[in-house]
Amino acid sequence: MANQTPIGAAPAAELTGAQKIQQLRELFADATELGKTALENVIKELSSQVSEPPPPIESAGRVGARLGKRSELTIIVPLVPGGAKRLRTFLQLLGGNLSPGATKVGTLHDMRFVFLDNDTKMLFATSFDGDWDTYIDDFVALIPDYLDLMDSAWEGWPGIRDPGAKDYLIKHQITAEGWFVAEPDLTLAEIQRLKRIGKATDEFLDKVQ
Amino acid sequence: MQTQTQLEHDRRVEEKIQKVKELYADAPELGKVALEKGLPDLKREMAAATGKESAGRVGARQGQVSELTSILTFAEGGAKRLRGLLQLLEGNFKGADAVGTLHDMRFVFLDNDTKLLFATAYDGDWDAYIDDFVTKIPNALDLLFCNIEGWPGIHDPNVKDWLVKNQITAEAWYVASPNMTVAKAWRLERIGKALDEFLDKISE
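Residues numbered from 1 in each chain as written. Chains lettered and ligands numbered in written order. Predicted model: local features only at pLDDT ≥ 70, side-chain atom pairs only at ≥ 80, totals over all residues. Heavy atoms only, no water.

### Concerning the sheet that holds strand E3 (residues 70-78) of chain A
We apply this condition: Note on pairing: DSSP must find at least two bridges between two strands before they are called paired. Helix and strand labels come from DSSP, where a helix needs a run of H or I of at least four residues and a strand needs a run of E of at least two; each type is numbered from the N terminus. For helices, the axis comes from a line fit to the C-alpha atoms of the stretch in contact; other axes are also lines fit to C-alpha atoms, and the angle between any two N-to-C directions lies between 0 and 180 degrees.
Sheet architecture is open: six strands sit in the order E1(A)-E2(A)-E3(A)-E5(A)-E4(A)-E6(B), paired in antiparallel fashion. Each edge of the open sheet is held by one strand with a lone partner, namely strand E1 (57-59) of chain A together with strand E6 (172-175) of chain B. Across this sheet, the average inter-strand angle for adjacent strands is 20°, counted without regard to direction. Pairing analysis gives two bridges linking strand E2 (residues 65-67) of chain A to E3(A), with the strands arranged antiparallel.

So, in structure tokens, the structure goes:
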């Protein structure tokens, strides 16, 4: 479950568009008919896509992928016996609403809790701004008790204030091999700023009309 | 009347708090301590609970933003092909912008490349979202998912049933800007840029 192949490996960046298309054809040589047809159908689009310099996917720091200013965190953890029941009932009692705690972390875009494999595991996946270490530090500083309430269902979790907490997270985090964000430069801070500008612009236009 | 409703509301919150305490009676010490410390916040949270909504046939939604979470089994050779494809694209999915309702999307390889986690955040209703994929980037989808066991093909009439069967609804789903659709975000970005240019011009 540990960190895997780095994404956007250097070799791909050095290939020309034509070379990439060639590699794609080779890669899909043993795909299903449907897959091969799909490849030929999109190859035109792909050739324009892969030959333009793409915004590079980078690392979010110690672990995870980042596109522009937006990063991903994906963790799958084993649950202790009885942990899933506690966590599920707790989340249900909250009505699935995590806003009051989560909004304190000003870099957190979205967050999901998903139970897997007959309640033996949990997927925790978030989208956030910037660097992994800063993000985790925010959680620790701003909502430590919420975190421990959730994570006490995780097998082997040392506690958020334990010096081993980050190592535990890194051990269970799996870096995404593909990561897309529609607005890679839109941090939450920027969204707040743009909302104010949007409102002010509307008022301004109303006034001058 | 108002007061009575308020009392009723407070009582329900108290009941919930009681339930959580019972629930965590057998939790590890760390969890119990966290509960005690978090109680004031928790009360506020429960009082404010609006309830997670559904994204339609499957999936959770908060405000206008929904989640899709799937864990799929790779077909023979599928993991190698998909990884190669993603690396060659260097994570660049311009096609995804064409969908216009997709906020973010991740591909995560699990269990020694036998499974794929596919998770997205998108705007609105599940059916409309899948329809957008089907009409706007059908080939890209077949290219990605032909690597998955049992993928019927994007034009197959059973494709939605297949997707529903493989999707797992999140137990909890949080969105920081629940009313910020992709369309709205792009509009605000344009306004922000126009305003900067405007201010530059008038200060010349």
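### Things to note about the interface of chain A and chain B
As a reminder of what qualifies: Two residues qualify as a contact provided that any one of their heavy atoms is within 4.5 Å of a heavy atom in the partner residue. Buried area, as used here, totals the accessible surface that two parts lose on assembly, with accessibility defined by a 1.4 Å probe and the loss added over both. For this analysis, a salt bridge means a side-chain nitrogen from Lys or Arg found within 4 Å of a carboxyl oxygen belonging to Asp or Glu. Counting of polar contacts relies on pairs of N or O atoms within 3.5 Å, with two restrictions inside protein: one atom must be capable of donating a hydrogen and the other of accepting it, and residues adjacent in sequence are counted only when both atoms are side-chain atoms. Asp, Glu, Lys and Arg are counted as charged, while Ala, Val, Leu, Ile, Met, Phe, Trp, Tyr, Cys and Pro are counted as nonpolar; the rest, among them Gly, fall into the polar class.
Taken together, the contact between chain A and chain B spans 96 residues of the former and 89 residues of the latter. By the criterion of area lost to chain B, the three top residues of chain A are A:Leu93, A:Arg112 and A:Phe180, representing 11% of everything that side buries. Counting across the chain A and chain B interface gives seven salt bridges. The partner of A:Glu72 in a salt bridge is B:Arg106, with the nearest N and O atoms 3.6 Å apart. Our count for the chain A to chain B interface comes out at 23 residue pairs in polar contact (both at pLDDT 80 or more). With ten residues, the single largest contributor to the side of chain A that touches chain B is helix H3 (residues 33-51) of chain A. When its residues are assigned to classes, the side of chain A that touches chain B shows 52 nonpolar, 25 polar and 19 charged. Bridge count between strand E4 (residues 108-116) of chain A and E6(B): four bridges; the pairing is antiparallel. Considered in E6(B), the bridge of A:Asp110 is made with B:Val175.

Keep in mind these numbers describe shape, not what the thing actually does.
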